[in-house]
Amino acid sequence: MDHGPAGVDGAGPSTPGVRGSRRLLAAGLAVVVVLLGVIAVLATRLAGAAPGASAQAATPSPAPASTASLTVPAIYQRVAPSVVIVRTGHELGTGLVVADNGTILTADHVIAGGGTITVTFADGTTANAAVVAANPKLDVATLTPAKLPQVVVPATLGGGADVGAPVVAIGNPLGLTDSVSAGVISGLDRTADTDHGKFSGLIQFDASVNPGSSGGPLLDAHGLVIGIVVSLAAPDGEDAFAGIGFAVPIGAAVGGGGQGSGKGPQI
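Residues numbered from 1 in each chain as written. Predicted model: local features only at pLDDT ≥ 70, side-chain atom pairs only at ≥ 80, totals over all residues. Heavy atoms only, no water.

## A word on the sheet that holds strand 6 (residues 140-145)
Note the cut-off: Strand pairing is defined by DSSP finding a minimum of two bridges between the two strands. Helix numbers and strand numbers start at the N terminus; a helix is a DSSP run of H or I with at least 4 residues, a strand a run of E with at least 2. To get an axis, fit a line to the C-alpha atoms, keeping to the stretch in contact for a helix; angles then go from 0 to 180 degrees between the N-to-C directions.
Reading around the barrel, the six strands line up as 1-2-3-6-5-4 and close back on themselves, with antiparallel pairing between neighbours. When strand polarity is set aside, the average angle formed by the axes of neighbouring strands in this sheet is 40°. Of the strand pairs in this sheet, strand 3 (residues 104-106) and strand 6 are connected by three bridges, and their pairing is antiparallel. Along strand 6, the bridge assignment pairs T106 with A141.

Put into structure tokens, the structure is as follows:
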């Protein structure tokens, strides 16, 4: 009986099954490889997105800009270039540049005595000045200088005032040029009975001022000019600061009016 060559190479009847198993194994491995590749891609994308999400969560949107109050040094640095020394005869006061053409606002009683008026700007430029307008009832006057500094820096005029709000005064008290003091608004609509008359509708404040301060700016916490310093209250009859100063509201000083009690000299 011839069993022939059926099993000579070992391929007999089992060969088709072996080949099918190998094909299934190869297909299974291919699926695993594909799945592993998909998982790797997803992991990579998630890893790349995580820092961005974290950074976004850690970085809040910027808050809307607010009009923050300034420090006293910042207010001084902003306004000092606009402040001038005003001299006439034996009088010394302060003035404030309020326009690009160099117009200066000051207290009327500083220049009311007549004589040559000279102004000295923050950069040292000195010039004669002429009176453009004067309002003795409000104790304010405007001057035009004959010569301007190379750079004219007008102050920014503000608006209203609130009792208790912080204020800064800049001036030349007792000849101490370019002096700054700080305080609060103590009252509004005050009347000051001075040696040059009675003035109403004034801002009362407690920032230190003295003779030579008149005509200087009273500034709010944003560096805006809310008043022009004109007098102080001195209950003992001395021309010295006793904690009460007065300023003409800027609205009245530049063309408005005002009405409201203190007693003391003009400075």
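And the narrative resumes.
## Side note on the nonpolar core
Where we set the bar: Take the buried residues of types Ala, Val, Leu, Ile, Met, Phe, Trp, Tyr and Cys, join any two whose side-chain atoms come within 4.5 Å, and each joined set is a nonpolar core. Under the scheme applied here, a residue whose accessible area is under 20% of the maximum for its type counts as buried, over 50% as exposed, and between as partly exposed, the area being computed with a 1.4 Å probe on protein chains only. The contact criterion used throughout is that any non-hydrogen atoms of two residues lie within 4.5 Å.
In terms of nonpolar packing, the biggest core is built from 36 residues, with V86 and L143 touching the most fellow members. With near-sequence residues (within four places) excluded, V86 lies in contact with E91, L92, G93, T94, G95, T106, V110, I111, I117, T118, V119 and L143. Counting residues in each nonpolar core, the second largest holds 13 residues, with V167, I185, I203 and A234 among its members.

## Re the environment of V98
With respect to the helices and strands, V98 occurs in the loop between strand 2 (91-97) and strand 3. V98 sits in the partly exposed class, given a relative accessible area of 22%. For V98, the residues in contact, after removing those within four places along its chain, are T103, L105, P154 and L157.

## Quick notes on the environment of T191
Put simply, the rule reads: A 3.5 Å cut-off defines polar contacts: any pair of N or O atoms within that distance qualifies, except that in protein one atom must be a possible hydrogen donor and the other a possible acceptor, and neighbouring residues in sequence count only when both atoms are side-chain atoms.
Within the secondary structure, T191 sits in strand 8 (residues 179-194). Placed 12 residues apart in sequence, T191 and I203 show a C-alpha to C-alpha distance of 9.0 Å. Among the polar contacts listed, one links the side chain of T191 to the side chain of S200, at a separation of 3.4 Å.

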